[in-house]
Amino acid sequence: NSWFTKCFSLVQRFVTEGGYRLYPDMISLPKDATSGQKVSIVHRWNNMGWGYCPTNIPQWNQKYKVAFALLDSETNEVRYTFVDTNTDLSKWIKGSPAEYVFEPDMSKVETGTYVWAVGLVDRSNKDLIGLDIAAKGDILDSGWLKLSKVSIKK
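The structure presented is a predicted model; accordingly, all values stated were derived computationally and were not measured.

1. Describing the overall build of the chain
And then number 1: A tally of regular secondary structure across the chain gives two helices and nine strands.
And then number 2: Helices and strands appear in the chain in the N-to-C order α-α-β-β-β-β-β-β-β-β-β.
And then number 3: Each principal axis of the C-alpha distribution contributes one length, and for the chain these read about 65 × 30 × 25 Å.
And then number 4: Across the 154 residues in the chain, those meeting the buried criterion constitute 40%.
And then number 5: In the chain, the share of contacts with a sequence separation of at least 24, taken over all contacts with a separation of at least 6, comes to 69%.
And then number 6: The distance from the centre of the 19 positive side-chain charges to the centre of the 17 negative ones in the chain is 4 Å.

Listed below in structure tokens is the structure:
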């Protein structure tokens, strides 16, 4: 009872800032690419919460990673997924953003127009979204955050 009568502001602050809140504060993506070549994606992540994401504990064994997807531009279904295995969510501490350069192999991507999306996938569950991103925007029911269109040419 005292939490809500005497310390409600502290409860509200914990709800807002407690735990971990992971979000991408910068992503640089190509708008055009050639099938068969690598592209360069620069992405930076922040944690707005006080806690850390414990991906380094033995039970999780780094199973959560940042991934980028190419979505079908009409149905929003995932056509291709690219996992950045160099990301370590447990190192994302409040006030210390982590930046990565990722070069996914586009050799199996068919020509066409797609939509880039980003998410935090579970490597132990078919690279499906495993953690929600603390971001506003066009987040699909599947958990992917839609970013921008990309055209893949021959």
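Further notes follow.
2. Some details on the packing of aromatic side chains
Any aromatic ring pair is given by two values, namely how distant the centres are and how the planes are angled relative to each other.
And then number 1: According to the stated counting rule, one finds five aromatic pairs in the structure shown.
And then number 2: Consider the rings of Trp60 and Tyr64, whose centres lie 5.0 Å apart with planes at 75°: the pair is edge-to-face.
And then number 3: Given a relative accessible area of 8%, Tyr64 falls into the buried group.
And then number 4: A ring pair is formed by Tyr80 and Tyr114, whose centres lie 5.8 Å apart and whose planes are at 80°; its orientation type is edge-to-face. A residue pair is termed long-range when its members are at least 10 positions apart, and Tyr80 in strand 5 (residues 78-84) and Tyr114 in strand 7 (residues 112-122) qualify at 34 residues.
And then number 5: Classification of Tyr80 by relative accessible area gives buried; the value is 15%.
And then number 6: Among the aromatic residues, those joined into a ring-pair cluster are Trp45, Trp92 and Tyr100.

3. So, the environment of Gly112
And then number 1: With respect to the secondary-structure elements, Gly112 resides in strand 7.
And then number 2: Owing to a relative accessible area of 24%, Gly112 belongs among the partly exposed residues under this scheme.
And then number 3: Residues Gly112 and Ser73 lie 39 residues apart in sequence; the distance between their C-alpha atoms is 9.1 Å.
And then number 4: For Gly112, the contacting residues outside a window of four places in its chain are Val150, Ser151 and Ile152.

4. Section: the pairing of strand 3 (residues 41-47)
And then number 1: Burial within strand 3 is extensive, with five of its seven residues counted as buried.
And then number 2: By the bridge criterion, six bridges tie strand 1 (residues 22-28) to strand 3 in an arrangement that is antiparallel. Residue pairing across strands places Tyr23 opposite Asn46, the latter belonging to strand 3.

5. As for the environment of Ala69
And then number 1: You can see Ala69 is positioned in strand 4 (residues 64-72).
And then number 2: Each C-alpha atom of the pair Ala69 and Val83 lies 8.6 Å from the other, and the pair is 14 residues apart in sequence.
And then number 3: The contact partners of Ala69, leaving out residues within four places of it in the chain, are Val78, Tyr80, Thr81, Val115, Trp116, Ala117 and Trp144.

6. With respect to the nonpolar core
And then number 1: Counting residues in each nonpolar core, the largest one holds 29 residues, and the members touching the most others are Leu70, Trp92, Trp116 and Leu120.
And then number 2: Looking at this core, the elements with two or more residues in it are strand 3, strand 4, strand 5, strand 6 (98-102), strand 7 and strand 9 (145-153).
And then number 3: With residues near it in sequence (within four places) discarded, Leu70 still touches Glu77, Val78, Arg79, Tyr80, Phe82, Met106, Val109, Tyr114, Val115, Trp116 and Val150.
And then number 4: Core analysis: the next-biggest nonpolar cluster, separate from the first, contains ten residues, Ala67, Leu71, Ile129 and Leu140 among them.

Thresholds, definitions, all that
- Residues numbered from 1 in each chain as written.
- Predicted model: local features only at pLDDT ≥ 70, side-chain atom pairs only at ≥ 80, totals over all residues.
- Heavy atoms only, no water.
- Helix = DSSP H or I, 4+ residues; strand = E, 2+ residues; numbered from the N terminus.
- Buried < 20%, exposed > 50% of the residue type's maximum accessible area, 1.4 Å probe, protein only.
- Contact = heavy atoms within 4.5 Å.
- Lys, Arg positive; Asp, Glu negative; His and termini not counted.
- Charge placed at Lys NZ, Arg CZ, Asp CG, Glu CD.
- Phe/Tyr/Trp six-rings, centres within 6.5 Å; stacked < 30°, edge-to-face > 60°.
- Pairing = 2+ DSSP bridges.
- Core = buried A, V, L, I, M, F, W, Y, C linked by side-chain atoms within 4.5 Å.

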